[in-house]
Amino acid sequence: MDKRKTTEQAFIRNDQYNFIARQVSHIINAYATVNHRDTLDGVKLHAFSKVEEMLPEMNGVQETLLNRLLEIEDEIEAEAFLSELKQYVIPFRRVSKKTVEKLFPKAKKLQLPDLNALDYQSLSYIGWFDSRAHKQHLIFEYQGKLKGISGVFDTSSTQGFCTLCHNFEDVGLFVARVRSGKETYVNRGNYICKNSQSCNEQLTDLTRVDAFLDNLTR
């Protein structure tokens, strides 16, 4: 049985779910290292206030659900809370082979991931490496529309901070050729995670994603 909520019921994005999961992790870590009740209550209240700040327009039902964060004391309760919360994640817009091909009209013999196997609820963007073209293809929702961006991608072993999720990971230099004038182009590069799935799992804020896209589309 599909436990995902309807579009009307879903109210958080993947990055927001990841942010809440990180706050839950802080609570569990506190219970593993601190015995003082007031300190533990303070950690919970701080975590919940950060969630409230991120979601200032929660309705009563949503706030009741998220209030359960204040009851978490162990990993079993944390897993149950996050499992229920996952049902309320707005999935990334589902794409078809035809849609992807339209997003990358200049790509010839485009290698595609298995689009039906993607967990769209766990995505803030779609990314995959095209070994034939030696390029990384990225699909984002940008200004209300799907946008495809391709770039030459260096897959050599490098560790650094990802421009998108801002975690220290195995990254590669993504270089896209973008228009800088009526008939002129420039190359713009950023280090991003080699593994798009793990990047999506660690994204907790779309601000850097928007800045990345602004830089490639302005």
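Every value quoted in this text rests on a predicted model; they were computed, and no experiment measured them.

**Points about helix α7 (residues 207-217)**
Right, on to step 1. For α7, the complete set of buried residues consists of Val209, Phe212, Leu213, Asn215 and Leu216. Buried residues in α7, looked at end-on, bunch into an arc of 160°, giving them a common side.

**A word on the packing of aromatic side chains**
Right, on to step 1. Within the structure shown, the criterion is met by 7 aromatic pairs.
Right, on to step 2. Taking the centre distance of 5.9 Å and the plane angle of 85° together, the rings of phenylalanine 104 and tryptophan 128 count as edge-to-face. A residue pair is termed long-range when its members are at least 10 positions apart, and phenylalanine 104 in the loop between α5 (97-103) and β1 (126-130) and tryptophan 128 in strand β1 qualify at 24 residues. Note on accessibility: phenylalanine 104 and tryptophan 128 belong to one class, buried.
Right, on to step 3. Ring centres of phenylalanine 129 and phenylalanine 153 lie 6.3 Å apart, and the angle between their planes is 50°; on these two criteria the pair is classed as tilted. With phenylalanine 129 in strand β1 and phenylalanine 153 in strand β3 (residues 145-153), this pair connects stretches of sequence that are 24 residues apart.
Right, on to step 4. Looking at phenylalanine 153, the relative accessible area reads 7%, which means it is buried.
Right, on to step 5. The aromatic ring of tyrosine 17 is capped on one face by lysine 86, whose charged end is 4.6 Å from the ring centroid.

**Observations concerning the layout of surface pockets**
Right, on to step 1. Approximately 790 Å³ is the volume found for the largest pocket.
Right, on to step 2. Listing elements by their share of the lining of the largest pocket, those giving two or more residues are β2 (135-142), β3, β5 (168-179), β6 (185-193) and α7.
Right, on to step 3. Tallied by class, residues from the lining of the largest pocket come to 12 nonpolar, 6 polar and 9 charged.

Rules of the game
- Residues numbered from 1 in each chain as written.
- Predicted model: local features only at pLDDT ≥ 70, side-chain atom pairs only at ≥ 80, totals over all residues.
- Heavy atoms only, no water.
- Buried < 20%, exposed > 50% of the residue type's maximum accessible area, 1.4 Å probe, protein only.
- Helix = DSSP H or I, 4+ residues; strand = E, 2+ residues; numbered from the N terminus.
- Arc of directions from axis to C-beta.
- Phe/Tyr/Trp six-rings, centres within 6.5 Å; stacked < 30°, edge-to-face > 60°.
- Lys NZ or Arg CZ within 6 Å of the ring centre and 35° of its normal.
- 1 Å grid on protein atoms, 1.4 Å probe; cavity = no way out; pocket = protein on both sides within 12 Å on 5 of 7 lines; lining within 4 Å.
- Points joined across faces, edges and corners; volume = space filled by probe spheres on them.
- Nonpolar A, V, L, I, M, F, W, Y, C, P; charged D, E, K, R; others polar.

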